[in-house]
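The lines below spell out each chain.
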Amino acid sequence: MILLLAILLLVLVSGILALRRYLQDARIPIISNFEFEKTPRRALLIFPHPDDEIIAAGTVRSLVEQGAQVSLLCLTEGDQGDTGGLVDAKDLGSTRRAELACSAQILGIDQLDIFQYPDHGLAEIDADELKDLIWRKIEQYQPELVFTYDDAIGLYGHPDHILTSRYVLEVVHTHCKHPNFSVKHLYFATLPQGMIRAALSISEMFRECYPANPAAGLPTPTLAVRVTRFGSFKKQAMLAHRTQWRTFDEIQPLCQLLPPALYYRIFDREYFSEVDFQRS
């Protein structure tokens, strides 16, 4: 019996290691601490929808453990998303606002700003209005680190994601020469090739939106954050977005089945591409 258990454990561990090797990119350097020049340490996440923060949830907890103050700017209430069959469509905006507040509390986010710009409709809003809002929040929170989506495809092609990132980049680029400008590092959330291949095979949403030309896809990661220790926080934050269970079931199909201690040994890193905005 003991021998059988040992064999099963060996098979399980071997399977986890093999899957992790397939998904992860060992060439990308893993950082344990972000660099800050000032105290208090401050970071700002800028995303268009509730639940977008999950892509960096482990990183947020890592920053919080470093003593950083993390703020989140969310441009919409996500009221055009999936109701999950749990609420009426008319109540989705207020529900998702409450879900995001719960997720922010779990992750330790200090300040949460949720606006009511149109979900799936940021292109309809005057660009200068949105860029002015982003600039005012950077001035207010004085972050050294800013996290958002990439400006090429916004992770998988969502137009709100792309516009948000482009506006963030334009704001940072416009103001970066000012002597009192706080932002030192701008990070685009991204994925390594193994995760992209996996997403294309399991997610219809990702497959439909991701460009066929790899050169037009996600930026190559320049750093990774190991998030295994923060897996329980990430899963709790994800589950707080209860109306979005269909989306999470599609993009993270094993997360509901496996305990965080196991799941986040397979998906044990979050990836980012640092932007040299001085030259962008």
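Residues numbered from 1 in each chain as written. Predicted model: local features only at pLDDT ≥ 70, side-chain atom pairs only at ≥ 80, totals over all residues. Heavy atoms only, no water.

Student: Break down the overall build of the protein for me, citing the residues and quoting the values.
Tutor: Check the secondary structure of the protein and you find 11 helices and seven strands. Against the compact-globule benchmark of 19 Å for 280 residues, the protein has a radius of gyration of 19 Å, which places it among compact chains. Residues classed as buried in the protein amount to 51% of the 280 residues present. The contacts in the protein between residues at least 6 apart in sequence include a share of 82% that link residues at least 24 apart. Surface exposure of the protein reaches about 13300 Å², of which carbon and sulfur atoms provide 55%. Here the protein contributes 27 positive and 35 negative side-chain charges, whose respective centroids are spaced 8 Å apart. (Helix = DSSP H or I, 4+ residues; strand = E, 2+ residues; numbered from the N terminus. Rg over C-alpha atoms; globule rule 2.2 N^0.38 Å. Buried < 20%, exposed > 50% of the residue type's maximum accessible area, 1.4 Å probe, protein only. Contact = heavy atoms within 4.5 Å. Areas by Shrake-Rupley, 256 points an atom, 1.4 Å probe, with all protein chains shown as cover. Lys, Arg positive; Asp, Glu negative; His and termini not counted. Charge placed at Lys NZ, Arg CZ, Asp CG, Glu CD.)

Student: Which residues make up the pattern of salt bridges, and what values do they have?
Tutor: This model, assessed by the stated rule, comprises 14 salt bridges. The partner of Arg20 in a salt bridge is Asp268, with the nearest N and O atoms 3.4 Å apart. Separated by 248 residues along the polypeptide, Arg20 in helix H1 (residues 2-23) and Asp268 in the loop between helix H11 (260-266) and strand E7 (269-275) bring together distant segments of the chain. Of the charged contacts, one joins Arg97 and Glu77 as a salt bridge, the two residues approaching to 2.8 Å between their closest N and O atoms. In this pair, Arg97 sits in helix H3 (residues 92-107) while Glu77 sits in the loop between strand E2 (69-76) and H3, placing the two residues 20 residues apart along the sequence. Arg97 sits in the partly exposed class, given a relative accessible area of 30%. What you see here is one network of salt bridges that share partners, running through Arg20, Arg226, Asp268 and Arg269. (Salt bridge = Lys/Arg side-chain N within 4 Å of Asp/Glu carboxyl O.)

Student: Give me the pairing of strand E1 (residues 42-47): which residues, what numbers.
Tutor: The two faces of the sheet receive side chains in turn, since in a regular strand these alternate between them. Taking burial as the measure, the six residues of E1 include five buried ones, the bulk of the element. Both E1 and E2 contribute to a ladder of six bridges, which runs parallel. Within E2, the residue paired with Leu45 across the bridge is Leu72. Once the chain exits E1 it traverses helix H2 (residues 57-65) before rejoining the sheet at E2, and the crossover so formed is right-handed. Inspection of the sheet shows E1 paired to strand E4 (residues 145-148) by three bridges, in the parallel sense. Within E4, the residue paired with Ala43 across the bridge is Leu145. (Pairing = 2+ DSSP bridges. Right-handed = clockwise from strand over helix to strand, strands pointing away.)

Student: So, the packing of aromatic side chains: which residues are in play, and what are the values?
Tutor: As enumerated under the stated definition, the model contains 11 aromatic pairs in all. Relative to Phe181, the ring of Trp135 lies with its centre 6.1 Å away and its plane at 25°, an arrangement referred to as stacked. With Trp135 in helix H4 (residues 127-141) and Phe181 in the loop between helix H6 (159-175) and strand E5 (185-190), this pair connects stretches of sequence that are 46 residues apart. Between Phe147 and Phe272, the ring centres sit 5.3 Å apart and the planes meet at 70°, which makes this aromatic pair edge-to-face. Linking Phe147 in strand E4 with Phe272 in strand E7, this pair joins segments that are 125 residues apart in sequence. Considered together, Phe147 and Phe272 belong to a single accessibility category, that of buried residues. (Phe/Tyr/Trp six-rings, centres within 6.5 Å; stacked < 30°, edge-to-face > 60°.)

Student: Could you give an account of the sheet that holds strand E6 (residues 223-226), with specific residues and numbers?
Tutor: The strand order across the open sheet built from seven strands is E3-E2-E1-E4-E5-E7-E6, with neighbouring strands paired in mixed fashion. Only two strands of the sheet have a single partner each, and these edge strands are strand E3 (111-117) and E6. The average angle at which neighbouring strand axes cross in this sheet is 25°, direction not considered. Taken together, the four bridges between E4 and E5 define a ladder with parallel strand orientation. Within E5, the residue paired with Thr148 across the bridge is Phe188. (Axes fitted to C-alpha atoms, helices over the stretch in contact; angles between N-to-C directions.)

Student: Tell me about unusual backbone geometry, and name the residues and values.
Tutor: Where the residue is not glycine, phi is negative for most of them; where a peptide bond is considered, it is trans in most cases. Residue Thr39 is joined to Pro40 through a cis peptide bond whose omega torsion reads 0°. With respect to the helices and strands, Pro40 occurs in the loop between H1 and E1. At Leu155, a position not held by glycine, the phi torsion is positive, near 80°. Residue position: Leu155 is located in helix H5 (residues 154-157).

Student: How would you sum up the nonpolar core? Please name residues and give values.
Tutor: If you look at the biggest cluster of nonpolar residues, it comprises 53 residues, and the most contacted ones within it are Phe34, Leu45, Leu63, Leu145, Phe147 and Phe272. Setting aside chain neighbours within four positions, we find Phe147 in contact with Phe34, Ala43, Leu44, Leu45, Ile46, Phe47, Thr59, Leu63, Tyr187 and Phe272. Residues Leu122, Ile125, Leu169 and Phe188 belong to the second largest nonpolar core, which totals 27 residues. (Core = buried A, V, L, I, M, F, W, Y, C linked by side-chain atoms within 4.5 Å.)

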